[in-house]
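A look at the structure
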Amino acid sequence: INLIPERERIKMLNFKEVKAELNTPKKIVIIPHKTPDADALGSSLGLRGYLIKKGHHVQVISPTDYPKFLNWMEGNETVRIYNSDHNKECSRKIENADIVFCLDFNNLARIDELGLLVEKSAAKKFLIDHHLDPTCFADFSLISTDASATAELIYEFIVKMGDRELIDKPIAECLYAGIMTDTGQFKHNNTHQNVHYVTANLMELGADTPRVASLIYDTNSYDRLKFLGFALSQRLKYLPEYHTAYIAINADDLEKFNSKTGDTEGLVNYALSLDGVVLGVLISERGGEIKLSMRSKGDFSVNEFARKHFNGGGHKNAAGGSSDVSFEETVSSFEEIIKTYKEELNQIADAYK
Ligand code: 5GP
Ligand code: MN
């Protein structure tokens, strides 16, 4: 049986053309969004595994570093991180590439300086993504906002290329990691029928799903667990009249707990898990940047909220953004902005009872 619905996205890519492009060995660069998560990195390394089997020369370049709990993915040790010691090598590879794949983002601003290099490169650009409101910078786009994860689209891409049998255990596990995390372990409302269908296929192709879950969720450091306790007991703020809860973590907090990239991941979900809360936000200050991570329930669109107030975007119920003013000013302006949404938040919370 083939349950994969012929959605709009399949029509967007002309597979005849894509097959012709990938028919002969090419120099390919794959780029995930900055601070890649399991979906961005898993999609990149999963696609890398596949393209190598097709005989291509592949380099994954990440705009920044990423959490240690992703280091188990096959090919991790080959990833080049721009912004570390590899800027020249990365620039050269992007400049000389035949093809650049952009995965799990839809706007070149999401890859910082690499955006300019990609724009300038003569390479053909492929975009595979599931975020709302894409910008059009690619020659080939495989976009579906109803895909749970970019990894789900990568699976479909490989299948449509006629190469399902090239998906081995390491590739299947990279893709499974993206789907498992972007669906909140199959809990969010993006967990449609096709997610389980693709997952079943990845299991058949060798993905050891409990192993992947354990590698991602059960590898906390002692410092990180202590930090979680601190964040919940000291930094969680509940605004019941706005059905909102937020956690604000400044640079000192992170330093005190020796926090690493990725240690704040998942924190925002605790804010949203409070009974009655329909908007959960994490405000964090890391490396001189102030970043907001947002989650919502029901019809409150954090994509629009992030776009309007914090220079960001994402999905309806999961989005992010950043702020140019100080940490304290960001927190107080967030509290002010939220007041203007009182009625909307109350209506959504009522509908959720
Ligand atoms: P997270 O809160 O987990 O970092 O991100 C949630 C979702 O929003 C992800 O799909 C992510 O790609 C997107 N997102 C996070 N930060 C930003 C941002 O600054 N700009 C845009 N456009 N999207 C973001
Ligand atoms: Mn994703």
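Summarised in this report is the structure supplied together with it.

Rules used throughout
Residues numbered from 1 in each chain as written. Chains lettered and ligands numbered in written order. Predicted model: local features only at pLDDT ≥ 70, side-chain atom pairs only at ≥ 80, totals over all residues. Heavy atoms only, no water. Near = heavy atom within 4 Å. Polar contact = N/O pair within 3.5 Å; in protein donor to acceptor, adjacent residues only side chain to side chain. Areas by Shrake-Rupley, 256 points an atom, 1.4 Å probe, with all protein chains shown as cover. Helix = DSSP H or I, 4+ residues; strand = E, 2+ residues; numbered from the N terminus. Nonpolar A, V, L, I, M, F, W, Y, C, P; charged D, E, K, R; others polar. Phe/Tyr/Trp six-rings, centres within 6.5 Å; stacked < 30°, edge-to-face > 60°. Buried < 20%, exposed > 50% of the residue type's maximum accessible area, 1.4 Å probe, protein only. Expected span 1.5 Å × (residues − 1). Pairing = 2+ DSSP bridges. Donors = N, O, S within 2.8 Å, 3.2 Å for Na, K, Ca; no water. Contact = heavy atoms within 4.5 Å. Core = buried A, V, L, I, M, F, W, Y, C linked by side-chain atoms within 4.5 Å. Axes fitted to C-alpha atoms, helices over the stretch in contact; angles between N-to-C directions. Arc of directions from axis to C-beta.

Looking at the site of ligand 1
Lining the immediate surroundings of ligand 1 are 13 residues, of which R110, H131, K291, S293 and R295 lie closest. R295 places a side-chain nitrogen or oxygen 2.8 Å from an oxygen atom of ligand 1. Between H315 and ligand 1, the recorded distance is 3.2 Å, taken from a side-chain N or O atom to an oxygen atom. For ligand 1, the protein covers 81% of the area, taking 490 Å² as the surface of the free molecule. Secondary-structure elements contributing two or more residues to the shell around ligand 1 are β10 (289–296), β11 (313–314) and β12 (318–323). With four residues, the single largest contributor to the shell around ligand 1 is β12. Tallied by class, residues from the shell around ligand 1 come to two nonpolar, eight polar and three charged.

Focus: the packing of aromatic side chains
Counted by the stated rule, this structure contains 14 aromatic pairs. An angle of 85° between the planes, with centres 6.3 Å apart, marks the rings of F305 and F334 as edge-to-face. Residue F305 is found in helix α13 (residues 302–310), and its partner F334 is found in helix α14 (residues 327–339); the two are separated by 29 residues along the sequence. Summarising the burial analysis for this pair, F305 and F334 share the class buried.

Structural notes on helix α8 (residues 193–204)
For α8, with 12 residues, the first-to-last C-alpha span of 17 Å sits near the 16 Å given by 1.5 Å per residue. If you check which residues of α8 are buried, you get N194, V195, Y197, V198, T199, N201 and L202.

As for the sheet that holds strand β3 (residues 80–81)
An order of β3-β2-β1-β4-β5-β6 is seen for the six strands of this open sheet, with the pairing classed as parallel. With one partner strand each, in any of the chains shown, β3 and β6 (140–143) form the two edges of the open sheet. In this structure, strand β2 (residues 57–62) lies alongside β3, joined through two bridges in parallel fashion. Pairing of S62 across the sheet is with I81, part of β3.

Brief notes about the coordination of the manganese ion (ligand 2)
Donor atoms from the polypeptide that bind the manganese ion (ligand 2) are D39 (OD), D104 (OD), H130 (NE2) and D182 (OD), placed at 2.1 to 2.4 Å. We note that the donor set of the manganese ion (ligand 2) lies within a single chain, spaced as D-x64-D-x25-H-x51-D. Of this pair, D104 sits in the loop between β4 (99–103) and α5 (114–120) while D182 is found in helix α7 (residues 169–182), placing the two residues 78 residues apart along the sequence. Comparing D104 with D182 shows no difference in burial state: the two are buried.

Digging into the side chain of T191
For T191, the location among the structural elements is in the loop between α7 and α8. Ignoring sequence-local partners within four residues, the contact set of T191 consists of T183, F186 and H196.

Describing the nonpolar core
I30, L47, L51, F101, F157, L202 and I216 are the most contacted members of the largest nonpolar core, which has 53 residues in total. Looking at this core, the element that brings in the most residues is α7, giving eight residues. Counting residues in each nonpolar core, the second largest holds 26 residues, with Y242, L279, F334 and Y341 among its members.

Let's talk about the pairing of β6
Both faces of β6 are covered, namely the face carrying F140 and L142 and the face carrying S141 and I143. In this sheet, β6 lies alongside strand β5 (residues 124–129) in parallel orientation, the contact comprising four bridges. Within β6, the position partnered with I128 by the bridge is L142.

Comments concerning the sheet that holds β10
Reading across the sheet, the six strands line up as β7-β8-β9-β10-β12-β11 and stay open at both edges, with mixed pairing between neighbours. A single partner strand is all that each edge strand has here, and the edge strands are β7 (236–239) and β11. Relative to strand β9 (residues 279–286), strand β8 (residues 244–249) is paired through six bridges, and the arrangement is parallel. Looking at β9, one finds that I249 is bridged to S284. Across the sheet, helix α10 (residues 222–234) touches β7 and β8, and the angle it forms with β8 is around 125°.

Notes on the environment of N194
Examined against the element boundaries, N194 turns out to sit in helix α8. For N194, a relative accessible area of 4% gives the class buried. Along the backbone, N194 and E241 are 47 residues apart, and their C-alpha atoms lie at a distance of 38 Å.

So, the environment of W72
Among the secondary structure elements, W72 is positioned in the loop between β2 and β3. Between the alpha carbons of W72 and T340 there is a distance of 44 Å; along the sequence they are 268 residues apart. Discounting chain neighbours no more than four positions away, the residues touching W72 are E173, A177, R211, V212, L215 and I216.

Section: unusual backbone geometry
In most cases, non-glycine residues show a negative phi, while peptide bonds are predominantly trans. If you check the backbone angles, D112 has positive phi at about 50° while not being a glycine. Tracing the backbone shows D112 in the loop between β4 and α5.

A short note on the side chain of H243
Inspection of the secondary structure assignment puts H243 in the loop between β7 and β8. Residue contacts for H243: discarding those within four places in its chain leaves G276, V277, V278, L279, L345, N346 and A349.

What about α14?
For α14, which comprises 13 residues, the first-to-last C-alpha distance of 19 Å matches the rise-based estimate of 18 Å (1.5 Å per residue) to within 8%. Buried residues of α14: F327, T330, V331, F334, E335, I337 and I338, and no others. All buried residues of α14 project into a common sector of 165° when viewed along the axis, lining one side.

Keep in mind these values describe shape, not function.
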